[in-house]
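Commentary on secondary and tertiary structure
One letter stands for each residue in the lines below.
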Amino acid sequence: MKLFDLLSAQRRFIYLAVAVASAAGIWTALTLPSAIYPELLFPRITVVAEGTSLGAREEVFTVARPLEDALSSVQGVRRVTSRSIRGSVELQLYFDEHNDMQIALQQAQQRVTQAREALPPAVSMAVERLSPSVFPILSYNLEGGDPAALYDLALYQLRPALSRVPGVGRVLVQGSASREVEVIADPARLAAMGMSYADVAQEISHSLAVDAVGRITRSYSQYLVVADQEIRSADSVGSIVIGNGVRVRDIARVQLGTADRVSVIAGDGRPAVLLNITRQLGGNTVAIADSIARIAATLSKSLPPGVRLVPVYDQAALVRDALSSVRDAMLTGAVLAVLVLLVFLRNARVTAIAASSIPLTLAITVGLMARLGQTFNLMTLGAMAIAIGLVIDDAIVITENIVRHMRLTDDRARAIRDAMQELLWPVTTSTLTTVVVFAPLSLLTGVVGQFFSALAITLSVAVLVSLVLALTIIPLLAEAVLEPEQVESEDVVPGRVPAARRIGGAIARGFEALANAYERSLGAALHRPRALVAGALGLLVVGVLLQRVVGSGFLPEMDEGAFVVDFFTPGGTPLGESDRQVNIAERILASEPEVAGTSRRLGAELGLFATEQNRGDIVVRLKPLGSRSRSSQEVIDDARVKINRAVPRLHIEFVQILSDVINDLAGAAKPVEIKLFGSQLDTLEHYAQALTPKMQAIDGVEDLYSGVSEPASELHLDVKGPEAQKIGLDPEEVASEV
């Protein structure tokens, strides 16, 4: 039994299977998550420990080394690196590509918990598996009020509402000020009472406990007895008795205030609170953004007068634009492919049969793509756009051969059977050749491998689906639709309309003339093999030479509608002075006509990092592309010159948001990094400074940084032990009093 006989006997099952698979693919397309890039998984874990006031050197021995020793025993860890700054330590754990990162994260959290006893008590730690979910897809500024009031509003009202949106990972609130009750003690009164600052703090702490102290039963009911001493006002702290009938307000001034500023958050040049919203792995970026926008619009109506919730960054807008562009390209390619078929085949029914493979293939491919863990992104949609020209090839070859055989015999079944048997293996092997070319891309590792794996899987699935459809549904459609007398006509449309017939005749004559010219030129070329080889070698040389002058990069240049300015001031620069310099840069950016708004962080960064007070970033939001005359890169080039001229001591670097995220995830914050290793830090710094001017002279290099930072100023307090003992103090008590 031939293949066509089997298909013809089971035609109803095949129709049903194709219909169900296509319907499943269409339903999947309506629910499949969408993002700008594939789901990227990185074999890295980040640990950030902060909360002390120690210098960088002390952080190395007090925090970094105990954590390194503990984390080095995590199963599968390949390398552990740490970066210590004043008050914080950042550790990076690198694992093998195929390591189970969920188990590794649990083990890392366990090791950190075990090492906590060896760390200073004030240290707080965050352990995160590095993935795109660490970085925000949406950012909002809360502007128009007192910074402390804005922070409370964002923390206690906005964040709970936004966190309930399905798919949202975290809502991180960053502000410049948080409320606190300040107790400013009088040293003279403390000395008169024989108390220290630590004694007052301990007494206040003991008086503010909330604890369940027991149960009592009365009147057939059981009551829980709770000792509740929560702070409800500054007066409640001032009324605390600390000994001998003395209250806190007798020896100190108690008032409402804000915690010491270690960061500055601003929006459009004014104090603000920043809300960063991340998505869970597998979350739909567009759906999350739409839900957040609806909730934000509702919450904005209940905000106090003058307070505004302003969008700063919306990755979903870029996703929509990118996906719609690829979708339009796919539709345009499909329409052009059908028109070309119509022109060449000159038969509407034959064209319709061949063209039916395009929507069927795309629908079934989406369903299979989802089962393989893929999402809608630039790589998968790009693969489907490429596949349009490939998936129709098999259908065209099969359909055209069926038509040719039907013109040779009036037996339709025999014609289709012979046509199928004739091309079964040639079509199969040619399709498998395409799969063999692209499939190895899925074997690449690292960030590049994850990008190209999505492309290779989607493209391979699409061409295999097209092969199956060409060998199954296309012959059945030909059997159902085509008649021998219909394929004899070469009219573009049925009915032999005179105008259409004249157009078809003109097209046919043009193709015949083109075929004759091609035949003559091919015959002439085949008689000159040396000239052909020489021409091929010449084109090869030209291609190699052009490859040297064509630019290269991992990500394509795109206008995201926003960009980031990373900055830092010299080491030891006070927060206020850094704020002044950055404010100048922010005003320059705001003066650009294409800029719609800015959001600034000083002492904090985008992502999970240990950040010094002299470092931060500015997120610049641009107007829609149709409302500005310059691209984002042109705005960057102009702003770079102005900022370097106005604030020469401020080191700046301009990056696109998505490329910045990818670089951070890959462990390389810059597109090109040169790392120096050695035992002497001074020698390494000297060598780096010597290399800097040479690399600066390289054409195309921008935002070069030598990596040598100015040391932060410190005052060292050496306690004289014998003298301290004479007055009944030890060095730790002296340091505590200071």
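Description of the structure in this document. Because the structure is predicted, anything quoted here is derived from the model rather than measured.

Cut-offs applied
- Residues numbered from 1 in each chain as written.
- Predicted model: local features only at pLDDT ≥ 70, side-chain atom pairs only at ≥ 80, totals over all residues.
- Heavy atoms only, no water.
- Helix = DSSP H or I, 4+ residues; strand = E, 2+ residues; numbered from the N terminus.
- Rg over C-alpha atoms; globule rule 2.2 N^0.38 Å.
- Buried < 20%, exposed > 50% of the residue type's maximum accessible area, 1.4 Å probe, protein only.
- Lys, Arg positive; Asp, Glu negative; His and termini not counted.
- Charge placed at Lys NZ, Arg CZ, Asp CG, Glu CD.
- Axes fitted to C-alpha atoms, helices over the stretch in contact; angles between N-to-C directions.
- Parallel < 35°, antiparallel > 145°, perpendicular 65-115°, else oblique.
- Left-handed = near helix turned anticlockwise from the far one by under 90°.
- Contact = heavy atoms within 4.5 Å.
- Pairing = 2+ DSSP bridges.
- Nonpolar A, V, L, I, M, F, W, Y, C, P; charged D, E, K, R; others polar.
- Patch = residues over 30% accessible without salt bridge, like charges linked within 9 Å, V, L, I, M, F, W, Y side chains within 5 Å.
- Areas by Shrake-Rupley, 256 points an atom, 1.4 Å probe, with all protein chains shown as cover.
- Salt bridge = Lys/Arg side-chain N within 4 Å of Asp/Glu carboxyl O.
- Polar contact = N/O pair within 3.5 Å; in protein donor to acceptor, adjacent residues only side chain to side chain.
- Phe/Tyr/Trp six-rings, centres within 6.5 Å; stacked < 30°, edge-to-face > 60°.
- Lys NZ or Arg CZ within 6 Å of the ring centre and 35° of its normal.

Comments concerning the overall build of the protein chain
Within the protein chain, the regular secondary structure consists of 26 helices and 19 strands. The C-alpha atoms of the protein chain give a radius of gyration of 35 Å, which is well past the 27 Å a tight globule of 738 residues would have. Split into buried and exposed, the 738 residues of the protein chain put 41% on the buried side. Charged side chains in the protein chain number 66 positive and 79 negative. The centres of these two groups are separated by 6 Å.

Observations regarding the packing of helix H13 (residues 357-371) against helix H16 (residues 446-471)
It is at 9 Å that the axes of H13 and H16 come closest, and there the two elements cross at 130°. Between H13 and H16, the interaxial angle falls into the category oblique. Judged by the sense of rotation from one axis to the other, the crossing of H13 with H16 is right-handed. Residues Ser357, Leu360, Thr361, Ile364, Thr365, Leu368 and Met369 of H13 lie in contact with H16, whose contacting residues are Thr458, Val461, Ala462, Val465, Ser466 and Leu469.

Things to note about the sheet that holds strand S1 (residues 44-50)
An order of S2-S3-S1-S4 is seen for the four strands of this open sheet, with the pairing classed as antiparallel. Taken across any chain shown, the strands that pair with only one partner, and hence form the sheet edges, are strand S2 (77-85) and strand S4 (124-129). Between one strand and the next, the sheet's axes are offset by a mean angle of 15°, whatever the strand orientation. Examined bridge by bridge, S1 and S4 share six bridges and lie antiparallel to one another. Bridging from a neighbouring strand, valine 48 pairs with alanine 126 of S4. Those strands touched by helix H3 (residues 56-71) are S1, S2, strand S3 (88-95) and S4, and its axis lies near 160° from that of S2. Each of S1, S3 and S4 is contacted by helix H4 (residues 101-115), which is oriented at about 170° to S4, the strand it contacts most.

Focus: the packing of H3 against H4
Look at H3 against H4: their axes get within 9 Å of each other, and the N-to-C directions meet at 135°. Looking at the two axes, H3 sits oblique to H4. As for the relative orientation of H3 and H4, their crossing is right-handed in sense. Facing H3, whose interface residues are Pro66, Leu67, Ala70 and Leu71, H4 presents Ala108, Arg111, Val112 and Ala115. For the contact of H3 with H4, the per-class residue count stands at seven nonpolar, no polar and one charged.

Here we look at the side chain of serine 466
Topologically, serine 466 is positioned in helix H16. Assessed through its relative accessible area of 1%, serine 466 is described here as buried. Those residues within four positions of serine 466 in sequence are excluded, and the remaining contacts are Thr361, Val391 and Asp394.

Looking at a nonpolar patch on the surface
A cluster of nonpolar residues, Val213, Ile216, Tyr223 and Val225, forms a patch on the protein surface that exposes about 320 Å² of accessible area. Of all the secondary structure elements, the ones that give two or more residues to the nonpolar patch are strand S8 (210-218) and strand S9 (221-228). Turning to its location among the elements, isoleucine 216 is positioned in strand S8. Exposure remark for isoleucine 216: the relative accessible area of 34% places this residue in the partly exposed category.

Things to note about the side chain of arginine 628
Relative to the assigned elements, arginine 628 resides in the loop between strand S18 (615-622) and helix H22 (632-646). Judged by its relative accessible area of 10%, arginine 628 is buried. Of note is the side chain of arginine 628, whose polar atom sits 2.6 Å from the backbone oxygen of lysine 623. At 3.1 Å, the side chain of arginine 628 and the backbone oxygen of arginine 630 are in polar contact. Beyond its immediate stretch of four places on either side in the chain, arginine 628 contacts Asp559, Gly561, Glu594, Leu622 and Lys623.

Describing unusual backbone geometry
In this structure, serine 219 takes a positive phi of about 50° despite not being glycine. By the element assignment, serine 219 lies in the loop between S8 and S9. With a phi angle near 55°, aspartate 268 is a residue other than glycine that sits in the positive phi range.

Some points on the packing of aromatic side chains
Counted according to the given criterion, the structure contains one aromatic pair. Lying over the aromatic face of tyrosine 94, arginine 79 brings its terminal NZ or CZ to 4.4 Å of the ring centre.

Some points on the pattern of salt bridges
Close approach of charged atoms allows side chains with opposite charge to pair. Evaluated as defined, the whole model comprises 22 salt bridges. Across the salt bridge formed by aspartate 152 and arginine 179, the nearest N and O atoms sit 2.6 Å from each other. Of the two residues, aspartate 152 is situated in helix H5 (residues 147-163) and arginine 179 in strand S7 (residues 179-185); the sequence distance between them amounts to 27 residues. Using a relative accessible area of 22% as the deciding quantity, one classes aspartate 152 as partly exposed. Between arginine 630 and glutamate 592 there is a salt bridge; the shortest N-O distance is 2.6 Å. One end of the pair, arginine 630, is in the loop between S18 and H22; the other, glutamate 592, is in the loop between helix H21 (575-591) and strand S17 (595-602), and 38 residues separate them in sequence. Judged by relative accessible area, arginine 630 falls into the partly exposed class, the value being 21%. Shared partners join several salt bridges into a network, and the residues in it are Glu592, Glu594, Arg630, Asp638 and Lys642.

From the geometry alone we can't say anything about function, so treat these as descriptive.
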